[in-house]
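Chain by chain, the residues run as shown.
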Amino acid sequence: MSATPPSPAAPATSPASAATTPAGAPVPVARPRAAVVFGVIALVLIGLNLRAGITGASALLHDLQAVLGYGPLVAAIIPSIPTLCFAVAGAATSWLTGRVGVEKAILLALAMLAGGLLLRGIPATGMLVAGTVAGMSGLAVCNVAMPSFIREHFASRTSMMTAVYTVTMTTGGTLTSVAVVPLAQALGSPSAALGSIGIMACAALLGFLPVVLHAHRHSAPAAGSGVPPWPLLRTRKGALLTAIFTLQALLAYALLSWFPYMLTTLGLSASDSGLMFGVMQLVSVPAGVTLIALGSRPGMLRPAFYLVSATMVAGVALLLFLPATLALVPAVLLGFGLGIFPLVMVMISRSGKDTAETTALSTLAQSTGYLLATAGPFGMGMLHSATGGWSLPLALLLGLAVLQMAVAHLLTSRKVK
């Protein structure tokens, strides 16, 4: 891979939506305008849900533990469930999309997401855990399948639609993290506020139905198998994409899981901690757009990765040394550092010679990456319980942020194929 993002490969198209050149190569045919509009609406609705269920729980972890009465082990396990589900359920996405197609796989995933999030509204520890497992498993399939959905439906606008998808994802997470604590106070129940997030997932499920119906009517039956993802780990590109995804996911979910709880234990009120949490995520919205625009320019992909990685290093370092009353500074820097996610997703969406290989690379990077990234939120919780402070967990995150910069340097090398 060169130091600039490669041009998107020609999309895989179904017989109903493709023509052939004299050489027999498929070329894309314009989709009906209504199908494009419904596709964009569905993309936005799905994006709004892909962090809301995680950030909403993070903002309420302190209150949920106080009300439901679970101990420190369960408190460390709950924020680790998303990344573990992303690894296990995400690993099956390549097989699932090969069997039923990308659109139907996403529809099934949205049904699981909505059901799981609604289940968390029942005020019991068992329902909280079960609902999180179900919801995050559905979310895992969406995570892995979305790069392929974007490539298949918006092949000529991969960067733009990836930016839309990631911006709406961050926006949904930000709004939820800011609003869920006041909502819990108004409802008198953190569980009820958490369960209400499922309403947005129901809207996404309904909004995606027209896309599935159009695909069912105009596409050929799904092939029986896709590209196996695991052999791609032996390639330099597959290994480095997996490594960068792992590091950014570990850093992101360690922060998304514990940042508001950390500030609360350091002396800020729950509402102020939620506000700082919202600021961190809000900053990541323009950061992601800026980084995609910067990285898409010739010769600027490596500087974009350097910038976002250095900002993450600075944010973790200041969080380690500054008092909680100055949390706004690291919150802004960390928010910019979280902007690496859309940059990585653009690279995945543009990788692979066709949709099947893109799905395989996405499955490899996300399932492996999230499995390893589970150590982030779980390790943060256990180390905090063991040491009674946040110095050691943050020192380890600082080292991983430095390592992320090194991997980004290798990933943007011209030797990556």
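To start, this report covers the structure provided alongside it. (Residues numbered from 1 in each chain as written. Predicted model: local features only at pLDDT ≥ 70, side-chain atom pairs only at ≥ 80, totals over all residues. Heavy atoms only, no water.)

## Comments concerning the overall build of the chain
Counted only if it meets this: Only DSSP runs of H or I covering at least 4 residues are called helices, and only runs of E covering at least 2 are called strands; the numbering of each starts at the N terminus. Under the scheme applied here, a residue whose accessible area is under 20% of the maximum for its type counts as buried, over 50% as exposed, and between as partly exposed, the area being computed with a 1.4 Å probe on protein chains only. The Shrake-Rupley method, run with a 1.4 Å probe sphere, supplies the accessible areas, and residue values consider only the shown protein chains as cover.
For the chain, the count of helices and strands is 18 helices and two strands. The proportion of buried residues among the 417 residues of the chain is 55%. Carbon together with sulfur atoms contributes 72% to the accessible area of the chain, which is approximately 15,700 Å² in total.

## Description of the packing of helix α11 (residues 236-265) against helix α12 (residues 270-295)
The following threshold applies: Structural elements are reduced to axes, namely lines fitted to C-alpha atoms, with helices fitted over the stretch in contact, and the angle between N-to-C directions of any two is expressed from 0 to 180 degrees. Each crossing gets its handedness from the near helix: less than a right angle anticlockwise from the far helix is left-handed, clockwise is right-handed. Here, two residues are considered to be in contact whenever any of their heavy atoms come within 4.5 Å of each other. Gly is placed with the polar residues, together with every amino acid not listed as nonpolar (Ala, Val, Leu, Ile, Met, Phe, Trp, Tyr, Cys and Pro) or charged (Asp, Glu, Lys and Arg).
Where α11 contacts α12, the axes come no closer than 8 Å and their chain directions differ by 145 degrees. With respect to the hand of their crossing, α11 and α12 are arranged in right-handed fashion. On the side of α11, the interface is formed by L255, L256, F259, P260, L263 and T264, while α12 contributes A270, S273, M276, F277, M280 and Q281. Looking at the contact of α11 with α12, its residues break down into nine nonpolar, three polar and no charged.

## Notes on the environment of S257
How we decide: Residues adjacent in sequence count toward polar contacts only when both atoms are side-chain atoms; beyond that, a polar contact is any pair of N or O atoms within 3.5 Å, and within protein one must be able to donate a hydrogen and the other to accept it.
Along the chain, the position of S257 falls in helix α11. Take S257: its relative accessible area is 2%, and that puts it in the buried class. Separated by 177 residues in sequence, S257 and S80 place their C-alpha atoms 8.2 Å apart. Apart from residues lying up to four places away in sequence, S257 is in contact with S58, L61, P79 and P377. In this structure the side chain of S257 is engaged in a polar contact, spanning 2.6 Å, whose partner is the backbone oxygen of Y253.

## Side note on α12
Going by this rule: How far a helix is expected to stretch is found by multiplying one less than its residue total by 1.5 Å.
Its 26 residues place the ends of α12 37 Å apart at the C-alpha level, agreeing with the 38 Å of an ideal helix rising 1.5 Å per residue. Among the residues of α12, the N-terminal cap falls to S269, whose side-chain oxygen and the backbone nitrogen of D272 are separated by 3.1 Å.

## Here we look at the packing of aromatic side chains
We count it as follows: Note on aromatic contacts: the rings of Phe and Tyr and the six-membered ring of Trp form a pair at centre separations within 6.5 Å, being stacked when their planes are under 30 degrees apart, edge-to-face when over 60 apart, and tilted otherwise.
Per the stated rule, a full pass over the model turns up nine aromatic pairs. Both rings, one in F149 and one in F208, keep their centres 5.8 Å apart while their planes meet at 55 degrees; by these two values the pair is tilted. Of this pair, F149 sits in helix α7 (residues 125-153) while F208 is found in helix α10 (residues 198-218), placing the two residues 59 residues apart along the sequence. Considered together, F149 and F208 belong to a single accessibility category, that of buried residues. Grouping aromatic residues by their ring pairs yields a cluster made of F245, Y253, F341 and Y370.

## Some remarks on the environment of L183
With respect to the element layout, L183 can be found in helix α8 (residues 158-187). A relative accessible area of 33% places L183 in the partly exposed class. Those residues in contact with L183, other than ones at most four positions away along the chain, are A193 and S196.

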